[in-house]
Structure formats: C-alpha cells, structure tokens
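Examination of the molecular architecture
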Amino acid sequence: MKIYTSLQEFTSTKKTIVTLGTFDGVHLGHTVILDRICNIAKQENLESVVLTFFPHPRLIVSNDSEIKLLNTMAEKAKLLEQKGIQNFIIHPFDKLFSELSPSEFVKQILIKQLNIQKIIIGYDHKFGKNRAADFNDLIAFGNEFGFDVEEIPAKQVDEVSVSSTKIRNSLLEGNISLANDYLGYSYMLSGIVVKGNQLGRTIGFPTANIQISENYKLIPKNGVYMVTTILNNKIIFGMMNIGVKPTLGENLLSIEVHLLHFSEDIYGQKIQVNVMERLREEQKFESFEVLKSQLEIDKANTLHYFENWNA
C-alpha cells in the first residue's frame, strides 16, 4: 500500500475507486465498505483509494479538543493495508479545506486530483462545507461528471451493529472484550519504550514503560490487562498496568507492560501492545509485599489465559 500525506502527492494513470471518511478504528462496520472497494477494484481494474483527513475534522470545525481516537495514523495505515487497500491518502484538514463547497470538492478533489471512476460511501455520509451535501447530491454530480456512486445500505452496516462511539465507550468502561468484538481485532497501543522508575524490577516484575506521543489516542480505563506484543517476530505474552500506581504514591498516568519470560533490553524501541482481556481494577496496596503477591496471582491468571488462547 502507498501512503500519501496530501492529495497533491497522489497521481494515478488508472481510474480510481474511492471512499472517504475518518475510518476511526477500521472496525467491522468499516470492513463492509473496504471489502466492497477492494473487490470492485480487482473486478474493474481500478486503483483503490481511501481518503482521510488529519487532524480530525471535528477538531477544526467544532473545536472539539476532547475527542479521542481509536487509531494513530500509523495503526490505521497498517489495518487498511491488511484489508487490501492500495492507496491511503492522509490530507491535512484545515479551515480553508473545510470551506470547500460540495461542487468544488467534487471537481477539484474527486475528479481532478483522484481521477475517480467510482465512489462508495456509508449510508449517512455528508460532505462539503457545513456537511451540506449527501448521497443524492453525489448521484447528481456523478451523472454530471461521469462517475458512479454506490451507497452501502443502512441494513448492511446496521447488521454489524458497530460504531466507533460504541467502541470508545466500551474501552472507557474497561470492557475490552466487547471493544475487541466490535473491532474484529485486539485494541492496540503503540509507542516507544522509555525508562521509568525501575521499581518493578526490585520486586521481580520489571516493566517496559510505553510513551505514546499521539495525545489524541484513546487509552482504555485504568486497570490491569492481559496483552500480547510482537518482538523479533515472536509473540510475547504479558500483563499491562494502565494507571497512576497508587501504591507508589504517584499520580501521573503511565502505561507499563511486564513481558513474561522475557529479559531483553528494549529501551528506545517502538512497541505495539495488543490488549486482550482485563484482569482487574488498579488498586492501592498497603505494602510492596502485598502488591507482589497480587502480581503473582495476576501472572498465574495470565499464563492460564494464554494456555487456552488461539492466536
């Protein structure tokens, strides 16, 4: 898959089949659209294109600085590539772009820049300034400029009964199992391994502290989770704590992973953690000894879980 950081970078001598949107989570509901795009691209010898925008349009149009997203752009790109998409365009979204009228958007972006043959959209898609245009307007533009328009029916998407909002809420409630069912894969956290206070190793549970640079990334509810990560092409099982480490008297949020049967130095490495199941709430313990005893229980439960786990 080719990745472009603006529309201007993209060129294609072949006609394209396009879909556009935030695709936050690249979840089962999105899969209906993405599979359709890829199938038609193969059948009709078209280039498949997903167009998205960054920052999230709500940050610009509604000044919604509180919005948290399910994927970083790198994670989204990886997921779209797995689906078979050929071209992923991440176009900067700003006030000027948001002012494009529906007609300008179609002529300047879809036709001139993307060389469009067909566009597929979800049943509730709106576009152009103030989200003024919808599917019927797109049909009219298609008739005028010679491209095909297909809307994924509400029934097909609703059968999956998934939305990014449902997934966000599940993660914030700590219901990782439900979130993963909606996503169709395990929720991931990606970041750099940095040095922490290294107290974990003094009680036999050294941890990799993960620093996530994208402040818009949604972090699940505080607690202890069972996780997997891939290091040097091997799946490593582990348990992760998200929280403020109350036993240590700290109050800054941290994400720490204890990798089972693993002792390599991975400081500075990029790591992806796949969150499998929630073990328990974060707790404040009366001593390090009690904390260590609980961690031993967590470790036993984690090992038992992965003994019966199928990748």
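Here the structure is a predicted model, which means the values were calculated and not measured.

A short note on the environment of K68
- In this fold, K68 is placed in the loop between α2 (57–61) and α3 (73–83).
- A residue is classified by how much of its surface remains accessible, and K68, at 35% relative accessible area, is partly exposed.
- If we ignore the near neighbours within four places in the chain, the residues touching K68 are D24, R168, N215, Y216, K217 and L218.
- Separated by 2.6 Å, the side chain of K68 and the backbone oxygen of N215 make a polar contact.

A short note on the sheet that holds strand β2 (residues 16–20)
- The 6 strands are arranged β1-β4-β3-β2-β5-β6 in an open sheet whose pairing can be described as parallel. The strands lining the two open edges of the sheet, one partner per strand, are β1 (2–4) and β6 (148–152). Across the sheet, the mean angle from the axis of one strand to that of its neighbour is 20°, orientation sign disregarded.
- Bridging between strand β5 (residues 116–122) and β6 involves 5 bridges; their strand directions are parallel. If you follow I121 over to β6, its bridge partner there is E151.

Considering helix α10 (residues 288–307)
- Its 20 residues place the ends of α10 28 Å apart at the C-alpha level, agreeing with the 28 Å of an ideal helix rising 1.5 Å per residue.
- Restricting attention to buried positions, one finds in α10 the residues L291, Q294, L295, D298, T302 and F306. In a view along the axis of α10, the buried residues occupy a sector of 110°, so they form one face of it. Pointing more than 90 degrees away from the buried face of α10 are the exposed residues E289, H304 and E307.

What about the packing of aromatic side chains?
- Counting across every chain of the model gives 8 aromatic pairs.
- Ring plane angle 65° and centroid distance 5.7 Å describe the contact between F93 and F97, whose orientation is recorded as edge-to-face. Here F93 and F97 have matching classes, each one buried.
- Clustering of aromatic rings is evident, with ring pairs tying together F53, F93, F97 and F105.

Topic: empty space enclosed by the protein
- The final tally for this structure, using the stated rule, is 2 cavities of 30 Å³ or more.
- Its boundaries defined by the atoms lining it, the second largest cavity holds a volume of some 40 Å³.
- Lining of the second largest cavity is provided by T22, D24, T52, F53, F54, H56, L69, M73 and K76.
- Sorting the residues of the lining of the second largest cavity by element identifies β3 (47–54) and α3 as the ones contributing at least two each.
- Ranked by residues supplied to the lining of the second largest cavity, first place goes to β3 with 3 residues.
- Here the lining of the second largest cavity is built from residues that sort into 4 nonpolar, 3 polar and 2 charged.

Description of the packing of helix α8 (residues 164–172) against helix α9 (residues 176–183)
- Look at α8 against α9: their axes get within 8 Å of each other, and the N-to-C directions meet at 155°. The angle between α8 and α9 falls in the class roughly antiparallel. For the pair α8 and α9, the crossing hand works out as left-handed. For the pair α8 and α9, contact is made by K166, I167, S170 and L171 and by I176, L178, A179, Y182 and L183, respectively.
- The residue inventory of the contact of α8 with α9, partitioned by class, reads 7 nonpolar, 1 polar and 1 charged.

Rules used in this analysis
Residues numbered from 1 in each chain as written. Predicted model: local features only at pLDDT ≥ 70, side-chain atom pairs only at ≥ 80, totals over all residues. Heavy atoms only, no water. Helix = DSSP H or I, 4+ residues; strand = E, 2+ residues; numbered from the N terminus. Buried < 20%, exposed > 50% of the residue type's maximum accessible area, 1.4 Å probe, protein only. Contact = heavy atoms within 4.5 Å. Polar contact = N/O pair within 3.5 Å; in protein donor to acceptor, adjacent residues only side chain to side chain. Pairing = 2+ DSSP bridges. Axes fitted to C-alpha atoms, helices over the stretch in contact; angles between N-to-C directions. Expected span 1.5 Å × (residues − 1). Arc of directions from axis to C-beta. Phe/Tyr/Trp six-rings, centres within 6.5 Å; stacked < 30°, edge-to-face > 60°. 1 Å grid on protein atoms, 1.4 Å probe; cavity = no way out; pocket = protein on both sides within 12 Å on 5 of 7 lines; lining within 4 Å. Points joined across faces, edges and corners; volume = space filled by probe spheres on them. Nonpolar A, V, L, I, M, F, W, Y, C, P; charged D, E, K, R; others polar. Parallel < 35°, antiparallel > 145°, perpendicular 65-115°, else oblique. Left-handed = near helix turned anticlockwise from the far one by under 90°.

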